[in-house]
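Okay, here's what each chain looks like letter by letter:
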Amino acid sequence: MSNMMRDSQIMAQTKDENLGYMSDMALELAQMADDSGLATLAYLFRMAALEASTANSVLAEPDDLPQQMTSH
């Protein structure tokens, strides 16, 4: 059982590192777009950075996600 817990912690740490990398990269791309005069693209990259930086906290509790309703 401890191996499963250790593996789970490693996977969570890797996910955090990947999300942090994506957030950093999106911010760098936003700065490059700003420097090129592409304000709309810069805005989109900033939103992507925000999404990546908050994704882990939002998905940490899957029970808190709203249940999708179907019309059937």
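This structure is a prediction, so every number in the text was calculated from the model and none was measured.

*Asks:* Honestly, a nonpolar patch on the surface in this entry has me stumped. Any pointers?
*Replies:* A cluster of nonpolar residues, Leu-38, Leu-41, Tyr-43, Leu-44, Met-47 and Leu-50, forms a patch on the protein surface that exposes about 570 Å² of accessible area. You can see Met-47 is positioned in helix H2 (residues 39-59). Judged by relative accessible area, Met-47 falls into the partly exposed class, the value being 35%.

*Asks:* Please explain helix H1 (residues 2-35) as it appears in this structure.
*Replies:* Because an α-helix completes one turn every 3.6 residues, residues spaced three or four positions apart along the sequence face the same direction. End to end, H1 covers 49 Å across 34 residues, agreeing with the expected 50 Å (1.5 Å per residue, within 8%). Burial in H1 covers these residues: Leu-19, Ser-23, Ala-26, Ala-30 and Ala-33.

*Asks:* Could you clarify how one ought to interpret the pattern of salt bridges in this entry?
*Replies:* Where side chains of opposite charge bring their charged atoms close, a pairing between them can arise. Inspection of the entire model under this criterion finds two salt bridges. Notably, a salt bridge pairs Asp-7 with Arg-6, separated by 3.9 Å at the nearest N-O pair. Look at Asp-7 and you get partly exposed, because its relative accessible area is 37%. For Arg-46, the salt bridge goes to Asp-34, with nearest N and O atoms at 2.4 Å. With Arg-46 in helix H2 and Asp-34 in helix H1, the pair connects residues that are twelve residues apart, well separated along the chain. Accessibility expressed as a relative area gives 33% for Asp-34, which makes it partly exposed.

*Asks:* Looking at this structure, how should I read the side chain of Ser-23?
*Replies:* Looking at the element boundaries, Ser-23 is found in helix H1. What Ser-23 contacts, discounting residues up to four positions off in sequence, is Ala-49, Ala-52 and Ser-53.

*Asks:* Would you mind showing me how to read the environment of Phe-45 here?
*Replies:* By the element assignment, Phe-45 lies in helix H2. Distance from Phe-45 to Leu-29, taken between C-alpha atoms, is 6.5 Å for residues 16 residues apart in sequence. Ignoring sequence-local partners within four residues, the contact set of Phe-45 consists of Ala-26, Leu-29 and Ala-30.

Here is what the cut-offs are and how they apply
- Residues numbered from 1 in each chain as written.
- Predicted model: local features only at pLDDT ≥ 70, side-chain atom pairs only at ≥ 80, totals over all residues.
- Heavy atoms only, no water.
- Patch = residues over 30% accessible without salt bridge, like charges linked within 9 Å, V, L, I, M, F, W, Y side chains within 5 Å.
- Areas by Shrake-Rupley, 256 points an atom, 1.4 Å probe, with all protein chains shown as cover.
- Salt bridge = Lys/Arg side-chain N within 4 Å of Asp/Glu carboxyl O.
- Helix = DSSP H or I, 4+ residues; strand = E, 2+ residues; numbered from the N terminus.
- Buried < 20%, exposed > 50% of the residue type's maximum accessible area, 1.4 Å probe, protein only.
- Expected span 1.5 Å × (residues − 1).
- Contact = heavy atoms within 4.5 Å.

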